[in-house]
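# Analysis of the macromolecular model
As a plain string of letters, each chain reads:
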Amino acid sequence: MARSFLQDTDFTRDEAEEIFQLAKALKEGRGRANQPKPLEGQTWAMIFHKSSTRTRVSFEVGIHELGGHPMYLDQSKTQMGRGETVADTARVLSRYVHGIVIRTFDHATVEELAREGTVPVVNALTDLLHPCQIYSDLFTLAERWAEPGKPLIDALAGRKLTFVGDCASNMAHSWILGAALFGMPISLTGPEKYRPQPVVDKLLREAGLEPTYTFTTDPKAAAENADVVYTDVWVSMGDEAEKDARLQELAPYQVDGTLMAAARPEAYFMHCLPAHEGEEVAAEVYRSTQSIVYDEAENRLHVQKAILSKLAEA
Ligand code: CP
Ligand code: NVA
């Protein structure tokens, strides 16, 4: 089993700092000559069992820019889609490629792929977690808050994030892990039915972290003093059958100007995208100067390049 990135806590804080510093250097150096090519001569498989715009494109571009060859594998065109086991897929792909990026439903699938294969595996989103997004988001905040010459991760400690909406989602769970790792207080708010799943407490404890996050059904109370207000779609991939109920139940949790006013005046609005304006976020917030959603999206490229470089050196 090679070094993989399956959940936010798979890197230590020191390693995360290295990743952020490298992401910063790669961002500044992009397009210049003599950029590092740690994936030179390598091929990385990209298995996608769900739709994607940002993740697919940023990984394909990133692997290419690091000197490697990205190989996109559409579920419906592989034997996995016809029932070949995850274990056999892992063993066979490990004979051909140098790493695997996977977006799928069941988190156990990425764990099995990593366990049964011999090459690094990167979690590009499961029903449970989306760690690449969180690292890009944390980097986006550190870029803004860090003092020159000081560690980027130091800028995150003590900054409060409020997650609004579906708090049982992959984004909410990954934020709980990421916030705990970097010492950020996190409050989550949504209907009782959508509170974080107990599995996240188990993941925190396994990583030596305490579950200190709070959950409330009162969005204004949750947003008080927040440095960041974050939301995600109300209907995640795989939840389509529940669409009507979700839109109705989550409606009181739209991030609008009134909710942003409960946060700190300089608070940022963030969203992993894709967004549905008028559902989880009002246009007045989405299009405001507090919104940094496109910087988050851009940083997927730089941060994932840094993560791949780190895994390639292991
Ligand atoms: N944020 C994110 O992962 O976007 P995609 O679903 O487009 O990859
Ligand atoms: N929670 C969303 C995130 C998309 C990037 C989903 O899983 O569809």
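It should be emphasised that the depicted structure is a prediction, and the values quoted were computed from it without experimental measurement.

Two faces, one strand: in a regular strand the side chains alternate between the faces of the sheet. Of all five residues in strand S3 (residues 99-103), five are buried, a share of seventy percent or more. Here S3 shows two buried faces, one formed by Gly99, Val101 and Arg103 and the other by Ile100 and Ile102. With five bridges connecting them, strand S1 (residues 43-48) and S3 associate as parallel partners. Opposite Ile47, over in S3, you have Ile102 as the bridge partner.

Here the focus is the packing of aromatic side chains. This model, assessed by the stated rule, comprises 12 aromatic pairs. Seen in terms of ring centroids, Tyr286 and Tyr294 are 6.5 Å apart; in terms of plane orientation they differ by 75°. Their pairing is edge-to-face. Judged by relative accessible area, which is 57%, Tyr294 ranks as exposed. These aromatic residues form a ring-pair network of at least three members: Phe5, Phe11, Phe20, Tyr135, Phe139 and Phe182. When the ring centre of Tyr72 is taken as reference, the NZ or CZ atom of Arg56 above it lies at 3.5 Å. Geometry around Trp145 places Arg159 over its ring, the cationic atom sitting 4.1 Å from the centre.

It is worth spelling out the sheet that holds S3 at this point. Taken in spatial order, the four strands of this open sheet run S2-S1-S3-S4, and their pairing is parallel. Looking along the sheet, the strands with just one partner apiece sit at the ends: strand S2 (69-74) and strand S4 (121-123). On average, each strand axis in the sheet is tilted by 20° relative to the strand beside it, whichever way the strands run. The sheet contact formed by S3 and S4 spans three bridges and is parallel. Paired with Ile102 across the two strands is Asn123, which belongs to S4.

One broad trend across soluble globular proteins is that nonpolar side chains are buried collectively. Among the nonpolar cores identified, the biggest contains 62 residues, and Phe20, Leu141 and Trp175 are the most heavily contacted of them. Here the element with the most residues in this core is helix H5 (residues 131-145); it accounts for eight residues. Those residues within four positions of Leu141 in sequence are excluded, and the remaining contacts are Leu156, Trp175, Met184, Val228, Tyr268, Met270 and Ile292.

Let's shift gears to the site of ligand 2. Near ligand 2 you find Leu125, Asn170, Asp232, Val233, Ser236, Met237 and Leu273, and these make up its full shell. At a separation of 2.8 Å, a nitrogen atom of ligand 2 approaches a polar side-chain atom of Asn170. Between ligand 2 and Asp232 there is a distance of 2.6 Å, counted from a nitrogen atom to a side-chain nitrogen or oxygen. Summarising the interface, the protein chains cover 95% of the accessible area of ligand 2, which totals 270 Å² for the free molecule. Applying the majority rule of atoms within 2 Å of the grid points places ligand 2 in the largest pocket. Among the residues making up the shell around ligand 2, the classes are represented as four nonpolar, two polar and one charged.

Conventions we followed
By convention here, each chain's residues receive numbers from 1 onward along its written sequence. Naming scheme: in the order in which they are written, chains are lettered from A and ligands are numbered from 1. Totals for whole chains, interfaces and linings use every residue, but because this is a predicted model, local features are given only for residues with pLDDT of at least 70 and side-chain atom pairs only at 80 or more, for both listing and counting. Remark: hydrogens and water are excluded; side-chain values derive from all non-hydrogen atoms of the structure. With a 1.4 Å probe rolled over the protein chains alone, any residue whose accessible area is under 20% of its type maximum counts as buried; one over 50% counts as exposed, and the rest are partly exposed. Going along the chain from the N terminus, every DSSP run of H or I of four or more residues is numbered as a helix, and every run of E of two or more is numbered as a strand. One requirement defines pairing of two strands: DSSP has to find at least two bridges between them. For Phe, Tyr and Trp, rings pair up if their centres lie within 6.5 Å, where Trp contributes its six-membered ring, and each pair is then called stacked (planes under 30 degrees apart), edge-to-face (over 60) or tilted (otherwise). Cation placement over rings: the criterion is NZ of Lys or CZ of Arg within 6 Å of the ring centroid and within 35° of the ring normal. Angles here are taken between N-to-C directions and fall from 0 to 180 degrees, while the axes themselves are lines fitted to C-alpha atoms, restricted in helices to the stretch in contact. Here the nonpolar core consists of buried residues drawn from Ala, Val, Leu, Ile, Met, Phe, Trp, Tyr and Cys, with membership extended through side-chain atoms lying within 4.5 Å. Residues are treated as being in contact if the distance between any of their heavy atoms lies within 4.5 Å. Here, proximity means that at least one heavy atom of the residue falls within 4 Å of the molecule or strand. Counting of polar contacts relies on pairs of N or O atoms within 3.5 Å, with two restrictions inside protein: one atom must be capable of donating a hydrogen and the other of accepting it, and residues adjacent in sequence are counted only when both atoms are side-chain atoms. Per-residue accessibility takes into account occlusion by the displayed protein chains alone, with areas from the Shrake-Rupley method and a 1.4 Å probe. Grid points spaced at 1 Å and placed over the protein atoms alone form the basis of the search, with a cavity being a set where a 1.4 Å probe fits but cannot get out and a pocket an open set showing protein on both sides within 12 Å along at least five of seven lines. Lining residues have an atom within 4 Å of a point. To qualify as sitting in a cavity or pocket, a molecule needs more than half of its atoms within 2 Å of the grid points. Think of it as three bins: nonpolar holds Ala, Val, Leu, Ile, Met, Phe, Trp, Tyr, Cys and Pro, charged holds Asp, Glu, Lys and Arg, and polar takes everything else, Gly as well.

Everything listed here is a matter of coordinates, which is why it stays silent on function.
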